[in-house]
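Architecture and fold: a report
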Amino acid sequence: STGMEKTVIVLAANALSTTPCGDTINIDVNVPKANKTCTETFSLCKTFWCCCTESVSVYCRVILDLFPTQHQVCVIASDAEKCLAVNTWRDEDQELEKILAGLQNFGMPHFVGTPQRHYLESTQKGIAYAVRCLVDLTATQYAMVTAQQKELPSNKGRIILLAPLKSGADISKLEAVLVEHVKNENMSIQQSRAATQDVVYRLPIAHCELVVVNMYAPTVRPHPITDSPVTMLCPEVSRVVYSFPAKLLKEKLVSLAKVHFSLATTVITGIPMKEEQVGGSSANYDVELLHHSDMHRDIFRAGFQSAATAALVASNSVVSLKWATPRSTNLGECPLSLCALAPPSCCRHAVLCECLSGDPSGCHVTSYSLFSELCIIR
């Protein structure tokens, strides 16, 4: 899976996208009553579209923070009126801020006439646009092509489709659209290359994996669409289907990122933190860090096998390390945020907090453990 350099995420709006998805946001509001102000909690229900945009930001953060040069992501938003790429393959567009700004500019999905009429139309447009994005060159591919190598780089990519669908027949229609567009694009590129010897600006698709992520409201049980394993649709296209309640989308996309990019988890236990809201008392916290699975291999090679059992790593891809505050500052200038372990001799790895939902306590502890204090993790 890690051979997929390019990922295209399609947010396809349909007749269900602006309906409640079953997930809620609680908001505390100060309400004046009589001679005093009372705080009341109100619940707002998210739409499917809101759930999708939140989850996309989480998945993109994993790619852009952990693999800023190895993997690229392009996000496409589609509704009945328009189909747009909110960012491009250019290096300056491979930033989470650009993606969020693009989604904000796209706005809420719009429908002309009856929304039901556009139920699959916007999804099909999104898939067609995604195929065109996959044949376009990334900055890395362009450098390889212009280096005049004898063989062009293999162009492999993944299309992740986020949309509430109704039945397996919908998926079959989308599969047919994808296969048709991949074959047409590949044929067009081959004919163009045969007719001219100019610089190549598009690459045929060697392999495209379609990941269909169907979501539904928790009241819809059982849903007619269920998980389906990887299936080859043609030599160039494969397909896998996931289906679950919309409120689990963020959690499920993080799990998918672990599979797509060979990620694992390291749990740092016993991090001391003062709790100002509880009279400055002290408490210990645990933080889960997300990183490439090679980091665990380096932990064991460095002689820290006692930090976790091999059975635990094999079954859960999780290693537990204990926090310790050093008595000396002679640990070199190697920031923990880029290290598997504190000693400078260890290999460096980018890490990311697995608590990606924006929980304040988790974010504060993670910031402390990664950037604030000199420490040893053992």
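Our structure is the block above this text.
Quantities reported herein were computed from a predicted structural model and do not represent experimental measurements.

1. Describing the sheet that holds strand E7 (residues 207–216)
Spatial ordering of the open sheet is given by E5-E4-E1-E6-E7-E9-E8, a layout of seven strands whose pairing is mixed. Edge positions in the open sheet fall to strand E5 (83–85) and strand E8 (228–234), since each of these has one partner strand only. Here the strands of the sheet are splayed against their neighbours by 20 degrees on average, with no regard to which way each runs. Looking at chain direction, strand E6 (residues 156–163) and E7 are connected through eight bridges and run parallel. Note that in E7 the partner of Ile160 across the bridge is Val211. With respect to the sheet, helix H1 (residues 48–66) is in contact with strand E1 (6–12), strand E4 (72–78), E6 and E7, its orientation differing from that of E1 by roughly 170 degrees. Along the sheet face, helix H5 (residues 168–195) touches E6, E7, E8 and strand E9 (237–245) and points at about 150 degrees away from the line of E9.

2. A closer look at the nonpolar core
Residues Ile9, Val75 and Leu162 are the most contacted members of the largest nonpolar core, which totals 44 residues. Among the elements of the structure, E1, H1, E4, helix H2 (96–106), E6, E7, E9 and helix H6 (249–260) are those that each provide at least two residues to this core. Ranked by residue count, the leading element in this core is H1, at twelve residues. If we skip the residues at most four places from it in the chain, Leu162 touches Ile9, Val10, Leu11, Ala12, Cys52, Val56, Val213, Met215, Leu249 and Leu253.

3. Some details on the pattern of salt bridges
All told, the structure shown has ten salt bridges when counted by the stated rule. Here Lys82 ties to Asp79 by a salt bridge, and the two come within 3.2 Å at their closest N and O atoms. With a relative accessible area of 22%, Lys82 lands in the partly exposed category. A salt bridge links Glu92 to Arg90; the nearest nitrogen and oxygen atoms lie 3.8 Å apart. Overall, Glu92 belongs to the partly exposed group, its relative accessible area being 42%. Exposure remark for Arg90: the relative accessible area of 48% places this residue in the partly exposed category. Connected via shared salt-bridge partners are Arg90, Glu92, Asp93 and Lys98.

4. A look at H2
For H2, the set of buried residues is Ile99, Gly102, Leu103 and Phe106. Here the buried residues of H2 occupy an arc of 100 degrees about the axis, which is enough to place them on one side. In H2, the exposed positions angled more than 90 degrees off the buried face are occupied by Glu97, Gln104 and Asn105. Where H2 is buried, its residues contact E1, H1, E4 and E5. Remark: Gly107 follows H2 within two positions and exhibits a positive phi of approximately 75 degrees.

Rules and cut-offs
Residues numbered from 1 in each chain as written. Predicted model: local features only at pLDDT ≥ 70, side-chain atom pairs only at ≥ 80, totals over all residues. Heavy atoms only, no water. Pairing = 2+ DSSP bridges. Helix = DSSP H or I, 4+ residues; strand = E, 2+ residues; numbered from the N terminus. Axes fitted to C-alpha atoms, helices over the stretch in contact; angles between N-to-C directions. Contact = heavy atoms within 4.5 Å. Core = buried A, V, L, I, M, F, W, Y, C linked by side-chain atoms within 4.5 Å. Buried < 20%, exposed > 50% of the residue type's maximum accessible area, 1.4 Å probe, protein only. Salt bridge = Lys/Arg side-chain N within 4 Å of Asp/Glu carboxyl O. Arc of directions from axis to C-beta.

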